[in-house]
Protein chains: 2
Amino acid sequence: MTTTLVTNIGSLVTNDPAQGDGTPLGLIENAAVVIDQDKIAWVGAAAEAPAADTAFDAQGRAAIPGFVDSHSHLVFAGDRTQEFNARMSGRSYSAGGIRTTVAATRAATDAELEANLVRHLHEARRQGTTTFETKSGYGLTVADEARALRIAAAHTEEVTYLGAHIVSPDYAEDPAGYVDLVTGEMLDACAPYARWVDVFCEKGAFDGDQARAVLTAGAAKGLIPRVHANQLSFGPGVQLAVELEAASADHCTHLTDADVDALANSSGRTVATLLPGAEFSTRAQWPDARRLLDAGVTVALSTDCNPGSSYTSSMPFCIALAVRDMRMTPDEALWSATTGGARALRRTDIGVLAPGARADLALLDAPSHVHLAYRPGVPLVSAVWQRGVRVH
Amino acid sequence: MTTTLVTNIGSLVTNDPAQGDGTPLGLIENAAVVIDQDKIAWVGAAAEAPAADTAFDAQGRAAIPGFVDSHSHLVFAGDRTQEFNARMSGRSYSAGGIRTTVAATRAATDAELEANLVRHLHEARRQGTTTFETKSGYGLTVADEARALRIAAAHTEEVTYLGAHIVSPDYAEDPAGYVDLVTGEMLDACAPYARWVDVFCEKGAFDGDQARAVLTAGAAKGLIPRVHANQLSFGPGVQLAVELEAASADHCTHLTDADVDALANSSGRTVATLLPGAEFSTRAQWPDARRLLDAGVTVALSTDCNPGSSYTSSMPFCIALAVRDMRMTPDEALWSATTGGARALRRTDIGVLAPGARADLALLDAPSHVHLAYRPGVPLVSAVWQRGVRVH
């Protein structure tokens, strides 16, 4: 391996407040980065950069840490085009919702599931995502959940067991029996492949007691909790997440003052992960990012990429929505899509460009990271390094 | 030149209701297209396709007519990142608005303006745009308006004289004198390069009488009117556009019932061109596309790409907004971004895939055009032919 100098970076977001302009983004103008194997070896002013074996001229482009997409659902088969089309066109449609994807996923071969996952990962990577979390949750049998996690684990370290996505249709008359399965045999089969345990705590999915059972059983097997919380209605999810020291409460669309206080009082231990792609594609109410940020809550921004409610893999698109519709500043949105995601995954080696961090970075065909919101929908990511390897 | 067969198209939007499924989109499943030089020679079922000299396998992807972006402002210099950042972050900023871009544009060399234009055109083309209209309006002197149009005319046939964008700062105390210039010496210098004459009819820009003077003077020189109408407030723009048989009334955000009636009664002669990128980037009220469509108005969808209020070149992004926020169906949005734009430019050779039409088409990395709205922000355009030449 050789060292690579990426130089002539017009504007570099390091997310290291010790560097650059002293803001949380640690912005350096006319910057350079030295990559040594899979790590960042040096960051600073281009004029002071040390020598390296090879050089890449960024020609004044902006550079940012690769996006950390800490919430996606990418082990699935089929799509839900007709359901989406009917919903957006105001036509009735006997939508199966998640059940449609469950049926297609169960019917798919391992190779089909893996090819679909890889296709979406490559698509996300071209848009600057260098770390992604992904989940099971479309299998809902012991064998189908375990194979989803096994397939995911071959492509990312951030694998989440979501057997408790919905009550399996096979247990429609016996939800308690399904919780027993999720906390018993299914957990035993899945835990070896996963780092995280998750539950969809919502009316029609799992209530607070069921969610607690799922998360505590997972934790007993060494999995760290994260929670789909307060997406469609007020409920116990967020406070349960804080109480159980979950890494993240995801969605956070319907929050009481007590929910916001609980997240703020966790001092960043439980991150609020906002997923505006879901509100976009379901025409739902936007999460109030401003309220969370002003209360001191740590906020992450992710895609929720899934074929039902948010079929986008684009972190730049989520940043544009966060700024326009959730009242985040362009700086806050960029931070939340990088370091924020890392916090939600309890990682310090990603989402930041500082010596020793993973060499995950994206170049933008723009002079500033602000252009991700200023130029919505435009594919601005022109180059991506992942663990020091140029992948786009 | 040789003929090219593009085959194995999973789903083809022709916009020819005589073809395929009988809807306005003229959708054909398992389709093929034959390109002969710069024209479409044949369209139909893949199984019935004639032989051609070369073949391209679309591998089941969807194909659509290239987008017709009938409203952009691409002859400019500089950007307005700080103004955007301040607006979206709730900070005050002594924004110069259009005047900032006027100053930067006047200061730029011809080569700089052309390079900037070409950069944005290539960016748009990679996103499927094969025809674009563009305007002057950041020069506001005789020489600067004429050079903007001369530069634009080297890259598109659809060039619009917009000397009446705002009153030139040089005439701040004498708006009547500026209208005299725009309808006199400036028009004489600009008309040879332009097909269209346009005016920003709005409080703080040009009132109804001034707009009428600009459009009738332009028409007397052979330019066809189009109007920036009813963007920021109610006003006379839309009805003036219809009365003067303008090809398009653009923006149409604030409409009375009489405005909607006037557009509907024009029977498509005056198209309503909606520009949701502007409402997105200024957090403004959405135009009510549903009201216009239900009244029978012909609707086009365009980017309004400009560095101040809508710095997106992405027609797919505008489609996603049109569906989510303006209540267009995915089919209507696709039609408006292709044939709708062609109607707004009074063209029948583009926006459609039928024998004799221009061979302008885009392949999507998706099975259906619905995915442009279903997968917001994701760069789905995988190949583009413009006048029969593969350009992406």
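Residues numbered from 1 in each chain as written. Chains lettered and ligands numbered in written order. Predicted model: local features only at pLDDT ≥ 70, side-chain atom pairs only at ≥ 80, totals over all residues. Heavy atoms only, no water.

Enquirer: So what exactly am I meant to see when it comes to the UniProt feature "binding site: Zn(2+)" (unreviewed entry) in chain A here?
Expert: Residue and element names in this part refer to chain A. Look at the UniProt record and you will see "binding site: Zn(2+)" (unreviewed entry) annotated at His 71, His 73, His 228 and Asp 304. Spanning 234 residues, the named residues nonetheless gather at one spot, since no C-alpha pair among them exceeds 12.2 Å. Mapping His 71 onto the fold places it in the loop between β6 (67–69) and α1 (81–89). With near-sequence residues (within four places) excluded, His 71 lies in contact with Glu 133, Lys 135, His 228, Asp 250, His 251, Thr 273, Leu 275, Ser 302, Thr 303, Asp 304 and Cys 305. Examined against the element boundaries, His 228 turns out to sit in strand β10 (residues 224–229). (UniProt positions renumbered as here; feature names shortened; annotations may be inferred. Helix = DSSP H or I, 4+ residues; strand = E, 2+ residues; numbered from the N terminus. Contact = heavy atoms within 4.5 Å.)

Enquirer: Is there a simple way to think about the interface of chain A and chain B in this case?
Expert: Where interface size is quoted, it is often the accessible area lost as the parts come together. Between chain A and chain B, the contact holds 43 residues from the first and 43 residues from the second. Of the roughly 3,700 Å² buried where chain A meets chain B, counting both sides, 57% is carbon and sulfur surface. Joining chain A to chain B, the criterion identifies two salt bridges. Inspection of the region where chain A meets chain B yields 24 residue pairs in polar contact (both at pLDDT 80 or more). Within the residue set of the side of chain A that touches chain B, elements represented by two or more residues are α1, α3 (110–126), α10 (276–282), α12 (315–325) and α14 (371–374) of chain A. (Buried area = accessible area lost by both parts, 1.4 Å probe. Salt bridge = Lys/Arg side-chain N within 4 Å of Asp/Glu carboxyl O. Polar contact = N/O pair within 3.5 Å; in protein donor to acceptor, adjacent residues only side chain to side chain.)

Enquirer: What's the story with the relation of the copies chain A and chain B in this structure? I'm lost.
Expert: One copy of the chain maps onto the other through a rotation about an axis plus a displacement along that axis. Least-squares fitting of chain A to chain B yields an RMSD of 0.0 Å, with the superposition described by an axial translation of 0.0 Å and a rotation of 180 degrees. This pairing of chains is accounted for by a two-fold axis. When each C-alpha of chain A is compared by its distance to the rotation axis, Gly 377 of chain A comes out closest, at 2.5 Å. Most of the interface of chain A is mirrored in chain B: 100% of its interface residues are interface residues there too. (Least-squares fit on C-alpha atoms with pLDDT ≥ 70 in both.)

Enquirer: Can you walk me through the side chain of Glu 158 of chain B in this structure?
Expert: Residues and elements named next belong to chain B. Along the chain, the position of Glu 158 falls in strand β8 (residues 158–164). We classify Glu 158 as buried; its relative accessible area is 1%. In terms of polar contacts, Glu 158 uses its side chain to reach the side chain of Arg 195, at 3.0 Å. The residues touching Glu 158, leaving out its near neighbours within four places in the chain, are Thr 131, Phe 132, Glu 133, Thr 134, Arg 195, Trp 196, Leu 345 and Arg 347. (Buried < 20%, exposed > 50% of the residue type's maximum accessible area, 1.4 Å probe, protein only.)

Enquirer: Got a minute to help me understand the environment of Thr 105 of chain A in this structure?
Expert: Residues and elements named next belong to chain A. With respect to the helices and strands, Thr 105 occurs in helix α2 (residues 98–107). For the pair formed by Thr 105 and Gly 139, sequence separation is 34 residues and the distance between their alpha carbons is 6.5 Å. A distance of 2.6 Å separates a polar atom in the side chain of Thr 105 from the backbone oxygen of Thr 101.

Enquirer: What exactly am I supposed to notice about the sheet that holds strand β12 (residues 271–274) of chain B here?
Expert: Residues and elements named next belong to chain B. Spatially, the eight strands line up as an open sheet ordered β6-β7-β8-β9-β10-β11-β12-β13, and their pairing is parallel. Looking at which strands have only one partner, the edges of the open sheet turn out to be β6 (67–69) and β13 (299–301). Taking the axes of each pair of neighbouring strands and ignoring which way they run, one obtains an average angle of 25 degrees across the sheet. Pairing of β12 with β13, which is carried by three bridges, proceeds in the parallel orientation. Within β13, the residue paired with Ala 272 across the bridge is Val 299. Contacts from helix α4 (residues 142–153) reach β7 (129–135) and β8 within the one sheet, and its direction differs from that of β8 by about 170 degrees. (Pairing = 2+ DSSP bridges. Axes fitted to C-alpha atoms, helices over the stretch in contact; angles between N-to-C directions.)

Enquirer: In this structure, what is going on with the nonpolar core? I would like to understand it.
Expert: Across soluble globular proteins, you tend to see nonpolar side chains buried next to one another. By size, the foremost hydrophobic cluster in this structure holds 204 residues, and its most contacted members are Tyr 161 and Leu 263 of chain A together with Tyr 161, Leu 263 and Leu 301 of chain B. With sequence-adjacent residues up to four places away left out, Tyr 161 of chain B is seen in contact with Ser 136, Glu 145, Leu 149, Val 182, Met 186, Leu 187, Cys 190, Ala 194, Trp 196, Val 197, Asp 198 and Leu 223 of chain B. (Core = buried A, V, L, I, M, F, W, Y, C linked by side-chain atoms within 4.5 Å.)

Enquirer: It is not clear to me how helix α9 (residues 257–265) of chain B should be interpreted in this structure. Could you clarify?
Expert: Since one α-helical turn is 3.6 residues long, residues separated by three or four positions face the same way. All names here are of chain B. The set of residues buried in α9 consists of Asp 259, Val 260, Ala 262, Leu 263 and Ala 264. If you follow the buried residues of α9, they end up packed against α8 (237–243), β11 (248–251), β12 and α11 (289–294). After α9 finishes, the residue Ser 267 shows a positive phi value of roughly 55 degrees.

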